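# Coordinate inspection notes
Residues per chain are reported as follows:
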Amino acid sequence: MLKRLTIIALAALVATVAPASAQSKKDSVVVGMTLEPPGLDPTSAAAAAIAEVTLYNVYETLTKINEDGSVSPLLASSWKASSDLKSYTFKLVKGVKFQNGEAFDSAAVKFSFERAGAANSTNKDKALFQAMEQVAAPDAETIEIKLKHSEPNLPFLLGQATASIVEPKSAPTNATQPVGTGPYTLGAWAKGSSLTLNKWPDYRNAAAVKLSKVTIRFISDPAAQVAALLSGDVDAFPRGTSARTLAQFKADPRFAVLIGGSKAKTIVTINNKKKPLDDVRVRRAILAAIDRKAMIEGAVDGLGTPIGSFYVPGSLGYVDTTDINPYDPEKAKKLLAEAGVTTPLQLSLRLPPPAYARQGGEVLAAQLAKVGIVAKIENLEWAAWLSQVFNGPHDFDLTIVSHVEPFDLVKFTEKNYYFGYQSEAFDKLYQSIVDTPDEAGRAKLLGDAQRMLATDAAAGFLFQPQWITIINKKLKGVWKDVPQFENDFASWSWE
């Protein structure tokens, strides 16, 4: 009898406890990412995947870029600019510490920016930091930046991953042992498979962070991405899955489908330094062979807007330049003949892993073949693409990639950048842009810059992509629009 009563009592206890347990919210999430970062220091390497893992999670910046592209305070509590936009003063948040216990102060900011602009820096926005004539720390809570040229977008630019504030002592090992001021620390990294971020209990606003653990799984194969979502192995896949899977997820009530805008530019990079691509007629021939609409359909299943230069609709001074190098295969053939090119012209087409690049590469090769250009496709893993194409020897003729950062026309002034583009006229024009503080004057000059790059056929400007994010519909706080590549996990939560 006693045994029977004990069983009944235990059953009642289970019945009482079970609903409370069922109602408790999850505090962990599994996220899918297409590309694995080569390291975890966004101030020393170019891969956008680094920012997707670390920005606003492990590292923080003076300012924070929001989903709508606006800028708000983060490590800086406030700032003010001079009338000529050449001087900025930032007041820093008090009482912040790095994850290794060191204090965050103006000395750390000064160190971070001077390190990013040093002669041996590999920061992809090195030019921005080298444009800082002086970074002064008059006291522990103030940073004064004097620029060589006016820069109206500085608060936005200092919210990007390349402007992450690092702790001086730990900076040399940040690629594998990152230390920042953010809400998460690195837990484990099984290279080739997954990475774990753990909530940092000593974060200054830890109570507002709902997820205690974030597991990031690296899944490059589109079919495997879909399978991971459908099986529930992955809760969210930002900017990953193909548009070809949209109908399946839209029809499944477990998921929410987010299709968002971006400031990205997907381009066919043409190595301007290699013959015969150093001849503008050959570059124009390549552009005339490209049917942008067909490329958008083939590469991103229609989710893109055609562009004719390195600038996107909605940005200050945008002009439509798609009519400068329109699709015209016959003109492409004539231009090649005028340039003295004997066809078939053999070119390498070395592609990184994203689906838009691989699918777009097939479309590009077919279009070029119609005008007498044979593009030999070589699919590269991300690390190989970075070391052989983007960095180092720039061993390629053509490639396809999305440049996801806004305000990066400056890349066409950088002599060692992988574009290989050199133009004194463009350099002078860009200098005029940065020297012009008034918005109307700057907008006009930005239009001139777009037209010049299009006329020079500096690259094969294709489209502004829309990014697809698939999430469990109970997951909240995930961004739809993408002003830059980031995953602000501290703002995510389960309903």
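Heads up: the structure comes first, above all this text.
Definitions and limits used
- In this convention, every chain numbers its residues from 1, walking through the sequence in written order.
- Reporting of local features is limited, given that this is a predicted model, to residues whose pLDDT is at least 70; pairs of side-chain atoms are given and counted only at 80 or more, and all residues count toward the totals for whole chains, interfaces and linings.
- With hydrogens and water set aside, each side-chain value is computed from the structure's full complement of heavy atoms.
- Salt bridges are identified by distance alone: a Lys or Arg side-chain nitrogen within 4 Å of an Asp or Glu carboxyl oxygen.
- We count a stretch as a helix when DSSP gives it H or I for four or more residues in a row; a strand needs E for two or more, and each element gets its number in order from the N terminus.
- Only protein chains enter the accessibility calculation, which uses a 1.4 Å probe; a residue is then buried when its area is under 20% of its type maximum, exposed when over 50%, and partly exposed in between.
- Polar contacts, as used here, are pairs of N or O atoms within 3.5 Å; protein pairs need one atom able to donate a hydrogen and one able to accept it. Residues neighboring in sequence count only if both atoms are side-chain atoms.
- Any two residues whose heavy atoms approach within 4.5 Å at even a single point are treated as in contact.
- Here the rule is simple: two strands pair whenever DSSP picks up at least two bridges between them.
- In this analysis an axis means a line fitted to C-alpha atoms, helices contributing only their contacting stretch, and an angle means the value between N-to-C directions, from 0 to 180 degrees.

Once that is clear, we can look at the pattern of salt bridges. Scanning the entire structure with this criterion turns up 25 salt bridges. Here D301 ties to R244 by a salt bridge, and the two come within 2.7 Å at their closest N and O atoms. In this pair, D301 sits in the loop between helix 9 (292-300) and strand 14 (304-306) while R244 sits in the loop between strand 11 (236-237) and helix 7 (246-250), placing the two residues 57 residues apart along the sequence. Taking relative accessible area as the criterion, R244 reaches 55% and is therefore assigned exposed. In the salt-bridge network here, residues are joined through shared partners; they are D125, K411 and E414.

Turning our eyes to something else, we now look at the side chain of T436. Its place among the elements puts T436 in the loop between helix 13 (424-434) and helix 14 (439-455). Within the structure, the side chain of T436 is placed 2.6 Å from the backbone oxygen of S432, a separation counted as a polar contact. Non-local contacts of T436, meaning those with residues more than four positions away in its chain, are made with S150, G441, R442 and L445.

With that settled, the discussion passes to the sheet that holds strand 6 (residues 132-139). Taken together, the four strands give an open sheet; going across it, the order is 4-5-7-6, and neighbouring strands pair in antiparallel fashion. Each edge of the open sheet is held by one strand with a lone partner, namely strand 4 (76-81) and strand 6. Neighbouring strand axes in the sheet, compared pairwise and without regard to direction, differ in orientation by 20° on average. Sheet analysis places strand 6 next to strand 7 (residues 142-147), joined by five bridges and oriented antiparallel. Its bridge partner being in strand 7, M132 is matched across the sheet by L147. Along the sheet, helix 3 (residues 106-116) makes contact with strand 5 (87-92), strand 6 and strand 7, crossing strand 6 at roughly 165°.

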